[in-house]
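# Topology and contacts: notes
Spelled out, the chains give:
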Amino acid sequence: DQYRVFSPDGALLATFGEKGSKPGQVMDGFDFEIDIPRKRLVVADNNNYRIQIFALDGSVAATKDLTKITNPIGPKQKPNHITLQLTDDAAHSIQMGWRTTTDVTGTVVEIVGGDSFDPASARRVSSKDKAWYFDSNLGPYNVHEIRVDGLKPNSSYSYRVGDGSADRWSKNSTFTTQSGDDETYTAVVLGDSRNRYDVWEQVVNLASGDKPRFMVSTGDLVRDGDQQYDWDRWFDRASDVFMSVAFMPVIGNHEHNAPNYFAQFALPTNAPDSLKEHCYSFDVGASHWVALN
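Each value, and the rule that gives it
Residues numbered from 1 in each chain as written. Predicted model: local features only at pLDDT ≥ 70, side-chain atom pairs only at ≥ 80, totals over all residues. Heavy atoms only, no water. Helix = DSSP H or I, 4+ residues; strand = E, 2+ residues; numbered from the N terminus. Buried < 20%, exposed > 50% of the residue type's maximum accessible area, 1.4 Å probe, protein only. Polar contact = N/O pair within 3.5 Å; in protein donor to acceptor, adjacent residues only side chain to side chain. Contact = heavy atoms within 4.5 Å. Pairing = 2+ DSSP bridges. Axes fitted to C-alpha atoms, helices over the stretch in contact; angles between N-to-C directions. Salt bridge = Lys/Arg side-chain N within 4 Å of Asp/Glu carboxyl O. pLDDT = per-residue confidence, 0-100.

Turning our eyes to something else, we now look at the side chain of Ser-217. Tracing the sequence through the fold places Ser-217 in strand E16 (residues 214–217). Accessibility expressed as a relative area gives 1% for Ser-217, which makes it buried. Within polar-contact distance, the side chain of Ser-217 engages the backbone nitrogen of Gly-219 at 3.3 Å. Once residues within four sequence positions are removed from consideration, Ser-217 is found in contact with Leu-190, Gly-191, Phe-247, Met-248, Pro-249 and Val-250.

With that settled, consider the sheet that holds strand E12 (residues 139–148). The antiparallel open sheet is built from four strands, whose spatial order is E7-E8-E12-E11. Only two strands of the sheet have a single neighbouring strand rather than two, namely strand E7 (80–85) and strand E11 (132–136). The sheet shows a mean angle of 25° between the axes of neighbouring strands, taken without regard to direction. As paired strands, strand E8 (residues 94–100) and E12 are joined by seven bridges and run antiparallel to one another. Counted as the bridge partner of Thr-100 is Asn-142 from E12.

This next bit is on the pattern of salt bridges. Here the structure, examined in full by the defined rule, presents 14 salt bridges. A salt bridge links Arg-147 to Asp-88; the shortest N-O distance between them is 3.2 Å. Here Arg-147 is found in strand E12, whereas its partner Asp-88 is found in the loop between E7 and E8, with 59 residues between them in sequence. For Arg-147, a relative accessible area of 34% gives the class partly exposed. Under the relative-accessibility criterion, Asp-88 is labelled partly exposed at 46%. Among the salt bridges present, the one from Asp-273 reaches Lys-276, with a minimum N-O distance of 3.2 Å. Salt bridges sharing partners connect three or more residues here, namely Asp-88, Arg-147 and Asp-149.

Below, the discussion takes up the confidence of the model for the chain. Looking at the chain as a whole, the pLDDT averages 83, with 75% of positions reaching at least 70. A low-confidence stretch, residues 16–30 (pLDDT under 50), is modelled with 33 contacts involving residues beyond four sequence positions or located in other chains. Under a pLDDT of 50 for its full length, residues 65–70 has, in the predicted model, ten contacts with residues more than four places off or in other chains.

Looking at where Gln-77 falls in the secondary structure, it is placed in the loop between strand E6 (61–65) and E7. For Gln-77, a relative accessible area of 36% gives the class partly exposed. Along the chain, Gln-77 and Thr-101 lie 24 residues apart, while their C-alpha atoms are 5.3 Å from each other. Residues in contact with Gln-77, not counting those within four places in the same chain, are Thr-100, Thr-101, Asp-103, Val-104 and Arg-168. A polar contact is formed between the side chain of Gln-77 and the side chain of Asp-103, at a distance of 2.6 Å.

Okay, structure coming up:
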């Protein structure tokens, strides 16, 4: 199939399949995605850090330089890209991670047992260390990571994350801790979510409907691990799932061992120093899981 590209005045600019037919046009099929619900075609030009957005009827076109505009799914003062990861004591603790703009340094969790969040009865956990600075190819942001201990096995908890100030909390969400015994549980194993983030969105949301205790990715999460724009699109499609289901990734060759990968997740650090977060392990019930690069 071919896709025609139009300018705002309706003039035909190019046809997909004719690689390089126009400056800045990315004709590789892996570089564009059709966002049907919002009726638009999004084309990423990673080399120039810009995106082109087209209505599917060809009536509107726009080009946005990501080095000059605010990335709509990029870091904000309020936490985004919130993730849950298991620890080496998965029945009694959880690791949380998120990111913000660089002016936000506080790392705070408020958590309470049960399925509804009540700030009056919530326990507050703060990180002793400030957030760490990461300079991605789309600009810098702060990475926040914190471990919450003292949880009960097989129990629901409600929480929110932020820096402690009243106007910078995330929305509330819930998760369930892992079983500490031989109880049967559901987990999801998937992989190769790169290239088609619209399909990734469908798969991860469908899988979450089985109410798994956690998800595992076998690698190749994004097409190009050192391109933050790829990570932003990937996270944006699964953000609600990641706030309620622990996600345990394994680094793949498409991640390129890029620093961006390690800035996205708060993984267990129980491997030797030279392999931390490249490899790790955790226990759930009677099973032992090992992640290898």
